[in-house]
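The primary structure of each chain is shown beneath.
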Amino acid sequence: MLSVPSLPLIGVTACHQQGQDHSVQRVSEKYVTCVPEAAGGLPLMIPALEAGQLDLDSLVAHLDGLLLTGSPSNVEPHHFNGPASVEGTEHDPRRDGVTLPLIRKAIEAGVPVLGICRGIQEMNVALGGTLHQRIFDFDDKFDHRMRRDVDFDMKYRPAHEIRMTPGGVLARIAGSETALVNSLHAQGIDKPGKNVVVEAVAPDGIVEAISVSGSKAFVLGVQWHPEWPRPIAGINRKIFEAFGEACRAHLRARLGLADAAE
């Protein structure tokens, strides 16, 4: 008798880095551990391989959720018809080559998606939206970047308030319309992509959360880092719990157990 898996399989996107001798696939442990700790799933690292090395359709068919991680790198601007990046900007073309089509395939297949920091930016670009590459260059915007003059714990301190769209996806999850969040990003959403719905904004108008209207399952992106600090609490835990619930629902449906679970 075949055993039935009880935990959803959640893909966690990795970054490509060129080492001195070999290429490295890297994902911060905090993104891997938040899957079992807060979402109740099994994490599976998705490597940022060269084009054509991953069968994304097969991958999506086996996933119950997709977690798009943060990263020091930025989406290459040619993906959203943006101007060339300032010299020294870190990019990860292999990651772009995997995540952008993977996002579209996952949403189309009804796989729940949660995007964090770079992840929300990837979601918007994958759906045809654009990005501000350097928010701190605008006189009317905050400097949303990570502080480098404080110790580690203070880097993830609450930095500003967000105001959620009344009645929106995030507001329903949070059970409120405001929250305090951290801020560690230089880029941000400019023009939302197709069917992208703004779920929250910072006081300076920068988009802090998005969903996708008409999606078959949970799709949410947040610009802050809900995975840290630990323990994950408040609105951050509620986000992961809602994502995990959607992933478990997808698992039941994928195994044909939806009716039995009701």
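Use the structure listed above.
All of the points below concern the structure found in this document. (Residues numbered from 1 in each chain as written. Predicted model: local features only at pLDDT ≥ 70, side-chain atom pairs only at ≥ 80, totals over all residues. Heavy atoms only, no water.)

Core analysis: the largest hydrophobic core is formed by 32 residues, its most contacted members being M164, L170, W224 and I239. Breaking this core down by element, the ones donating at least two residues are strand 1 (9-13), helix 1 (29-39), strand 6 (113-116), strand 8 (160-164), helix 6 (169-174), strand 9 (178-181), strand 13 (219-222) and helix 7 (234-254). Looking at this core, the element that brings in the most residues is helix 7, giving six residues. With sequence-adjacent residues up to four places away left out, W224 is seen in contact with I116, C117, I162, L170, V181, N182, E208, A209, I235, N236 and I239. Ranked by size, the runner-up nonpolar core spans 29 residues in total, among them F80, V113, M123 and V219. (Core = buried A, V, L, I, M, F, W, Y, C linked by side-chain atoms within 4.5 Å. Buried < 20%, exposed > 50% of the residue type's maximum accessible area, 1.4 Å probe, protein only. Helix = DSSP H or I, 4+ residues; strand = E, 2+ residues; numbered from the N terminus. Contact = heavy atoms within 4.5 Å.)

With that settled, the discussion passes to the pairing of strand 8. One ladder, built from four bridges, connects strand 8 with strand 9; its direction is antiparallel. Its bridge partner lying in strand 9, H160 is registered against V181. Where strand 8 and strand 11 (residues 196-201) come together, two bridges link them in antiparallel fashion. Each residue of the ladder has a partner; that of M164, found in strand 11, is A200. (Pairing = 2+ DSSP bridges.)

Next up on the list: the side chain of S71. Turning to its location among the elements, S71 is positioned in the loop between strand 5 (65-68) and helix 3 (93-109). A relative accessible area of 18% places S71 in the buried class.

Take the pairing of strand 13 next. Neither face of strand 13 is left uncovered, since the one carrying V219 and G221 and the one carrying L220 and V222 both have all their residues buried. Two elements, strand 6 and strand 13, share four bridges in a ladder whose sense is parallel. The residue bridging L114 from the neighbouring strand is L220, located in strand 13. As judged from the three bridges shared by strand 12 (residues 207-212) and strand 13, these two strands associate in the antiparallel manner. Each bridged residue has a counterpart across the sheet, and for I210 the counterpart in strand 13 is G221. Hairpin connection of strand 12 to strand 13: six residues between the antiparallel strands, including G214 at a positive phi of 80 degrees.

Scanning the entire structure with this criterion turns up two aromatic pairs. Ring centres of F218 and F243 lie 5.8 Å apart, and the angle between their planes is 45 degrees; this geometry places the pair in the tilted category. A residue pair is termed long-range when its members are at least 10 positions apart, and F218 in the loop between strand 12 and strand 13 and F243 in helix 7 qualify at 25 residues. The exposure classification of F218 matches that of F243, with both residues buried. (Phe/Tyr/Trp six-rings, centres within 6.5 Å; stacked < 30°, edge-to-face > 60°.)

This part covers the sheet that holds strand 13. Pairing is mixed across the open sheet formed by nine strands, whose spatial order is 4-1-5-6-13-12-11-8-9. Only two strands of the sheet have a single neighbouring strand rather than two, namely strand 4 (42-46) and strand 9. On average, each strand axis in the sheet is inclined to that of its neighbour by 25 degrees, with strand direction left out of account. Note that strand 5 and strand 6 share three bridges and pair parallel. The residue bridging L68 from the neighbouring strand is G115, located in strand 6. Against the sheet, helix 7 engages strand 1, strand 5, strand 6, strand 8, strand 9 and strand 13, with an angle of about 150 degrees to strand 6. (Axes fitted to C-alpha atoms, helices over the stretch in contact; angles between N-to-C directions.)

Turning next to the packing of helix 1 against helix 7. Following both chains from N to C, one finds helix 1 and helix 7 inclined at 80 degrees, their axes separated by 9 Å at the closest point. By the angle class used here, helix 1 and helix 7 are roughly perpendicular. For the pair helix 1 and helix 7, the contacting residues are C34, E37, A38 and A39 in the first and R237, F240, E241, F243, G244 and R248 in the second. For the contact of helix 1 with helix 7, a count of residues per class yields five nonpolar, one polar and four charged. (Parallel < 35°, antiparallel > 145°, perpendicular 65-115°, else oblique. Nonpolar A, V, L, I, M, F, W, Y, C, P; charged D, E, K, R; others polar.)

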